[in-house]
Amino acid sequence: MRLRLTTLGAATAGALGLWAGIAPAQSPGGLQAGLTVGAGAFHDDGALKARSDLGFTLTSATPVQSLGFTARGGLEYPGADDAPDLTDPSVQLIYSRIGANAALEAAAGYKRSEIGTLEPDETGESAELLAGTGIRNAFDVASRLTFGTRAPFGGNVGASWRRVAYSDTGAATLYDFDTYGADGTLRFSIDPRIDLRLTAAWEETDSDGPGRDRRTWSLGAGAEVILDRTLTATADLRYTELETTEAGITTTQTGPGIDLGLAKVVKDGEYRLVLSSLVTTNGDRQILRLRRAQELKLGALSWTAGITRGGDDEVDALLGLEYRRPTRLGELTFAAYRDIQADSFGEEALVDQVRFGYRRALSALNSIEASAAYRRTDYFDIAADSVEQVSLGVTYRHQLTREADLVANYARTLRRSGSIDETEESFYLGFQRNFSWRP
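The rules behind each value
- Residues numbered from 1 in each chain as written.
- Predicted model: local features only at pLDDT ≥ 70, side-chain atom pairs only at ≥ 80, totals over all residues.
- Heavy atoms only, no water.
- Helix = DSSP H or I, 4+ residues; strand = E, 2+ residues; numbered from the N terminus.
- Buried < 20%, exposed > 50% of the residue type's maximum accessible area, 1.4 Å probe, protein only.
- Contact = heavy atoms within 4.5 Å.
- Areas by Shrake-Rupley, 256 points an atom, 1.4 Å probe, with all protein chains shown as cover.
- Lys, Arg positive; Asp, Glu negative; His and termini not counted.
- Charge placed at Lys NZ, Arg CZ, Asp CG, Glu CD.
- Pairing = 2+ DSSP bridges.
- Phe/Tyr/Trp six-rings, centres within 6.5 Å; stacked < 30°, edge-to-face > 60°.
- Lys NZ or Arg CZ within 6 Å of the ring centre and 35° of its normal.
- Core = buried A, V, L, I, M, F, W, Y, C linked by side-chain atoms within 4.5 Å.
- Patch = residues over 30% accessible without salt bridge, like charges linked within 9 Å, V, L, I, M, F, W, Y side chains within 5 Å.
- Salt bridge = Lys/Arg side-chain N within 4 Å of Asp/Glu carboxyl O.

Novice: Got a sec to walk through the overall build of the protein chain? Specific residues and values, please.
Specialist: For the protein chain, the count of helices and strands is 1 helix and 23 strands. With respect to the principal axes defined by its C-alpha atoms, the protein chain has extents near 60 × 55 × 40 Å. Per-residue burial over the protein chain gives 33% buried out of 439 residues. Here the contacts in the protein chain between residues at least 6 apart in sequence split such that 50% fall between residues at least 24 apart. For the protein chain, the exposed area adds up to about 23,800 Å²; of that, 59% sits on carbon and sulfur atoms. Measuring between centres, the 46 positive side-chain charges of the protein chain sit 10 Å from its 60 negative side-chain charges.

Next comes the structure, spelled out in structure tokens:
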């Protein structure tokens, strides 16, 4: 058994689904619309272009339901063949409704982005990071129904679909794929302190052409027990079957998995200890992690420390640190992670990330924002090169009128993988105008 350590921290949570952290903007009531229009000059890798940006939001909120629609995108000219290029378009629709004893959530979205773009909060496919060029189109649809929210018996059921399609990549290893998923939980409240549950989940990823296919399902049972006012224990046991097919060869991994958790609430936050064992494409993986969340006088701090062992018997340290400090004139954020991440096909990698953000109002009319991010991805496949990405950005805003701003932005991205060494640099100067109204 070998021990492998680095200096950075681990992500304190695994991959989140479409429902994690998304909700329509809460308007005072009724229907409210917003429009953002921008125009300016854009200097990108030695070429001067004209750029316009457009963003539209539509929100509605009542005591029982909410709706949110967002559309964003930009145009750059000249683009390919001297025609305007549509850049980074995205559309998202979110709906939620709360009843007397149930709740419904539904969301749909589309996002197009350049492969190789550093997005610290998103786990990309490993082949994308290695390809480095091309366009990624992602379509997402998901829904979840929760029932028995105020009853001793309840649960939830959810379904999702995701389509990823590539274009202009020139990489033979990138294939379009669809991922379908469904899961459900039944909850039984024995008394106010004890909840029992039964769980089931299924997910299937189908690739076009000769790409990799993956199917997994699991059945489980668990319990949550409130030991006292500050201490809660959880336990889950499941059986998982994971099947992978590539080049006509099918491999199957089966076995039990467990999740044991203990949460302790203290005066300034909480402690959380989690022990997990799960079935992966490369065999069983065990994870032990301790997390501490703390509210300080000068901000919010959380840290994570843990260890994991994979199917190859290699041991990796899991570390993480997050700090957020709001001030009267702005905000400072910092995060450093080290974690094991897996893409849609189960390919694991050791990921180190560091992020820094700073926002400050210089005066009543001027503000500045700065950000920096670093990510290194080391694949467990020894034939794959590691990928390093660095992103830097500075934005200055000057308020011209109550609804219009002058905006200046500088961005620089560096990417390195094996013999590939790329640098992108851009500068933007323009104005932005915001509109809001009630239709």
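On we go from here.
Novice: With reference to specific residues and values, describe the pairing of strand 3 (residues 47–61).
Specialist: Across a regular strand the side chains alternate sides, sitting on one face of the sheet and then on the other. Inspection of the sheet shows strand 2 (residues 30–44) paired to strand 3 by 15 bridges, in the antiparallel sense. The partner of T36 across the bridge, within strand 3, is G55. Between strand 2 and strand 3, which pair antiparallel in sequence order, lie 2 residues; one of them, D45, sits at a positive phi of approximately 50°. Relative to strand 4 (residues 65–77), strand 3 runs antiparallel, the two sharing 12 bridges. Bridging from a neighbouring strand, T59 pairs with G68 of strand 4.

Novice: Residue-level account of unusual backbone geometry, with values.
Specialist: A cis amide bond, omega 0°, links Y77 with the succeeding residue P78. By secondary structure assignment, the location of P78 is in the loop between strand 4 and strand 5 (85–98). Of note, the phi angle at D88 is positive, near 45°, even though the residue is not glycine. Relative to the helices and strands, D88 is located in strand 5. One non-glycine residue with positive phi stands out, namely A247, at about 55°. You can see A247 is positioned in the loop between strand 12 (231–246) and strand 13 (249–266).

Novice: Tell me about the environment of D208, and please be specific about residues and values.
Specialist: Looking at the element boundaries, D208 is found in the loop between strand 10 (194–207) and strand 11 (213–226). On the basis of relative accessibility, which here comes to 34%, the residue D208 falls in the partly exposed class. With 34 residues separating them in the primary sequence, D208 and L174 have C-alpha atoms 9.6 Å apart. Discounting chain neighbours no more than four positions away, the residues touching D208 are R163, Y175 and D176.

Novice: I'd like a description of the packing of aromatic side chains, backed by residues and values.
Specialist: Evaluation of the coordinates by the stated rule reveals 7 aromatic pairs. Measuring from centroid to centroid gives 6.5 Å for F56 and W437, while their planes differ by 40°, and the two rings are tilted. A residue pair is termed long-range when its members are at least 10 positions apart, and F56 in strand 3 and W437 in strand 23 (residues 420–437) qualify at 381 residues. Accessibility expressed as a relative area gives 27% for F56, which makes it partly exposed. You can call W437 partly exposed: its relative accessible area is 38%. Put simply, the rings of F56, F69 and W437 pair up and form one aromatic cluster. Positioned above the aromatic ring of F42 is the side chain of R51, whose terminal nitrogen or guanidinium carbon lies 5.7 Å from the ring centre. Residue placement shows R292 over the ring face of Y271; its charged tip is 4.3 Å from the ring centre.

Novice: Describe the pairing of strand 2, listing the residues and the values that go with them.
Specialist: Here strand 2 runs beside strand 23; their pairing, made up of 12 bridges, is antiparallel. The residue bridging F42 from the neighbouring strand is Y428, located in strand 23.

Novice: Describe the nonpolar core, and please don't skip the residues or the numbers.
Specialist: Soluble globular proteins tend to pack their nonpolar side chains together in the buried interior. Judged by nonpolar contacts, I115, A127, A131, A138, V164, Y166, L174, F177 and F345 together constitute the single largest core of 9 residues. Mapped by element, the contributors of at least two residues to this core are helix 1 (126–131) and strand 8 (153–167).

Novice: Give me a nonpolar patch on the surface: which residues, what numbers.
Specialist: Taken together, the side chains of L227, L260, L262, L273, L275, L288 and I307 define a hydrophobic patch exposed on the protein surface, amounting to about 550 Å² of accessible area. Of all the elements in the fold, those that place two or more residues in the nonpolar patch are strand 13 and strand 14 (269–280). Secondary-structure assignment places L275 in strand 14.

Novice: Run through the pattern of salt bridges, naming residues and quoting values.
Specialist: Scanning the entire structure with this criterion turns up 26 salt bridges. The shortest N-O distance in the salt bridge between R162 and D140 comes to 2.5 Å. With R162 in strand 8 and D140 in strand 7 (residues 135–147), this pair connects stretches of sequence that are 22 residues apart. For R162, a relative accessible area of 23% gives the class partly exposed. For R412, the salt bridge goes to E425, with nearest N and O atoms at 3.1 Å. Here the residue R412 occupies a position in strand 22 (residues 404–417), and E425 occupies one in strand 23, the gap between them amounting to 13 residues. Taken together, the shared-partner salt bridges connect K49, R51, D53 and E76 into one network.

Novice: How would you explain a negative patch on the surface if you had to name every residue and give the values?
Specialist: A cluster of like negative charges, contributed by D45, D88, E114 and E424, occupies part of the molecular surface. Note on placement: D45 falls in the loop between strand 2 and strand 3.

Novice: Tell me about the environment of A300, and please be specific about residues and values.
Specialist: Summarising the element assignment, A300 is placed in strand 16 (residues 299–309). When its relative accessible area of 24% is taken as the criterion, A300 is described as partly exposed. The sequence separation of A300 and T333 amounts to 33 residues, and the corresponding C-alpha distance is 9.6 Å. Filtering out sequence-adjacent residues up to four positions away, A300 remains in contact with Q294, E295, E322, Y323 and R324.

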